[in-house]
Amino acid sequence: MNRFRSFIVITIILTSALSASSPAASQTASPVTLTDKQQKVLDYMLDDWNKQMRITGVDLAMQNVGGQYSPDDRYAIGVFLRNNPRLHRTLRTYGWETAALTPTEKLMARIVSRAEREHQSSPTREDFARNLDVSPVAVTDALKMLERFGIMRPDPAVKGLGYRMVQDRYEDWEGAMRITFMNHRVQVEGEKPFEVF
């Protein structure tokens, strides 16, 4: 019986040590408490996700709810979604990234992901602006948020001019029921816009 208890204690210690040193544990943020206005956006999203095929993201939900929202508000809601995958089956099925990222950020992540999979050079800020037909400011803002969420990072091989995915799972994002970096925005006459998978 004493050996069994020792075995259990050692197993618990090893499991705790391994999980604390994992990349996922190091990325886990402290618990996020949403403000009232952020909670209103989350409630809108959860209601929307209960409709068939809906996966409206944070940026569109903020627009539909109305009011003044900052990138910090979107980030807080995104981190809340990342830390609470049991909140809704949509998060477990499609990933928090699908809801947290803007369409431009998703396109940028897809470009970098493809470049890595196909062993191409990493895209630069200028590449993003030209390929997506967006302003340099929009590129800078999107890169900041992708870095902040821990999805992309500057590529040290090209001295911060190019970008790479932070985790291998983002390099191979495609697969059954994984739409991490894609979805479609729909506008039906007389309704607020929404997103579907």
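Note that the structure is a prediction, hence the values are computed from the model and not measured.

Participant: Got a minute to help me understand unusual backbone geometry in this structure?
Facilitator: Positive phi values are uncommon outside glycine, yet M53 reaches one of about 65°. Turning to its location among the elements, M53 is positioned in the loop between α3 (36-49) and α4 (58-65). If you check the backbone angles, H119 has positive phi at about 55° while not being a glycine. Mapped onto the fold, H119 is located in the loop between α8 (103-117) and α9 (125-132). For H119, a relative accessible area of 73% puts it in the exposed group.

Participant: Help me out: how do you make sense of the environment of N64 in this one?
Facilitator: Secondary-structure assignment places N64 in helix α4. For the pair N64 and K192, spaced 128 residues apart in sequence, the C-alpha separation works out to 6.5 Å. At 2.8 Å, the side chain of N64 forms a polar contact with the backbone oxygen of P193.

Participant: How do you make sense of the environment of Q68 when you look at a structure like this?
Facilitator: Mapped onto the fold, Q68 is located in the loop between α4 and α5 (71-83). Along the primary structure Q68 and K37 are separated by 31 residues, whereas in three dimensions their C-alpha atoms are 9.1 Å apart. Residues contacting Q68, with those up to four places away along its chain left out, are K37 and D73.

Participant: Teacher, can you tell me more about the pattern of salt bridges here?
Facilitator: Opposite charge on two side chains permits them to pair, given that their charged atoms come into close proximity. For the structure on display, the rule yields ten salt bridges. Put simply, R74 and E105 hold a salt bridge, and the shortest N to O gap is 2.6 Å. Separated by 31 residues along the polypeptide, R74 in helix α5 and E105 in helix α8 bring together distant segments of the chain. Exposure class is identical for R74 and E105. Each is buried. For E118, the salt bridge goes to R114, with nearest N and O atoms at 3.8 Å. Each member of the salt-bridge network shares a partner with another, and the members are D48, R54 and E191.

Participant: Mind showing me how you'd approach α9 here?
Facilitator: Residues lying three or four places apart along an α-helix face the same way, a consequence of the helix completing one turn every 3.6 residues. Taken together, the buried positions of α9 are occupied by F128, A129 and L132. The buried residues of α9 occupy an angular sector of 95° when the element is viewed end-on, so they sit on one face. Residues of α9 that are exposed and point over 90 degrees away from its buried face: E126, R130 and N131. Buried residues along α9 sit against α8, α10 (136-148), β1 (152-154) and β2 (163-165).

Participant: Looking at this structure, I do not really get the side chain of D48. What am I missing?
Facilitator: Within the secondary structure, D48 sits in helix α3. Using a relative accessible area of 2% as the deciding quantity, one classes D48 as buried. Side chain to side chain, D48 and R54 meet in a polar contact 2.7 Å long. With near-sequence residues (within four places) excluded, D48 lies in contact with R54, I55, T56 and F194.

Participant: Just checking my understanding: could you explain the confidence of the model for the protein chain for this structure?
Facilitator: Any region with low pLDDT has predicted coordinates that should not be read closely. Confidence along the protein chain averages 81 in pLDDT terms, with 78% of residues attaining 70 or more. Low confidence marks residues 4-29, where pLDDT is under 50. Its contacts with residues over four positions away, or in another chain, come to nine contacts.

Participant: How do you make sense of α5 when you look at a structure like this?
Facilitator: Taking 1.5 Å per residue, 13 residues should reach 18 Å; α5 reaches 18 Å between its end C-alpha atoms and fits that length. Burial analysis of α5 places ten of its 13 residues in the buried class, the great majority of the element.

Participant: What's the story with the nonpolar core in this structure? I'm lost.
Facilitator: It is characteristic of soluble globular proteins that their nonpolar side chains tend to be buried jointly. Counting residues in hydrophobic clusters, the biggest one holds 36 residues, and the most contacted among them are M45, L81, F149, I151 and M152. Of the domains in this structure, domain 2 (36-100 + 181-196) and domain 3 (103-171) are the two that each give at least three residues to this core. With sequence-adjacent residues up to four places away left out, M152 is seen in contact with M108, A109, V112, F128, L143, L146, E147, Y163, R164, M165 and V166.

Rules behind the numbers
- Residues numbered from 1 in each chain as written.
- Predicted model: local features only at pLDDT ≥ 70, side-chain atom pairs only at ≥ 80, totals over all residues.
- Heavy atoms only, no water.
- Helix = DSSP H or I, 4+ residues; strand = E, 2+ residues; numbered from the N terminus.
- Buried < 20%, exposed > 50% of the residue type's maximum accessible area, 1.4 Å probe, protein only.
- Polar contact = N/O pair within 3.5 Å; in protein donor to acceptor, adjacent residues only side chain to side chain.
- Contact = heavy atoms within 4.5 Å.
- Salt bridge = Lys/Arg side-chain N within 4 Å of Asp/Glu carboxyl O.
- Arc of directions from axis to C-beta.
- pLDDT = per-residue confidence, 0-100.
- Expected span 1.5 Å × (residues − 1).
- Core = buried A, V, L, I, M, F, W, Y, C linked by side-chain atoms within 4.5 Å.
- Domains from an automatic or database assignment.

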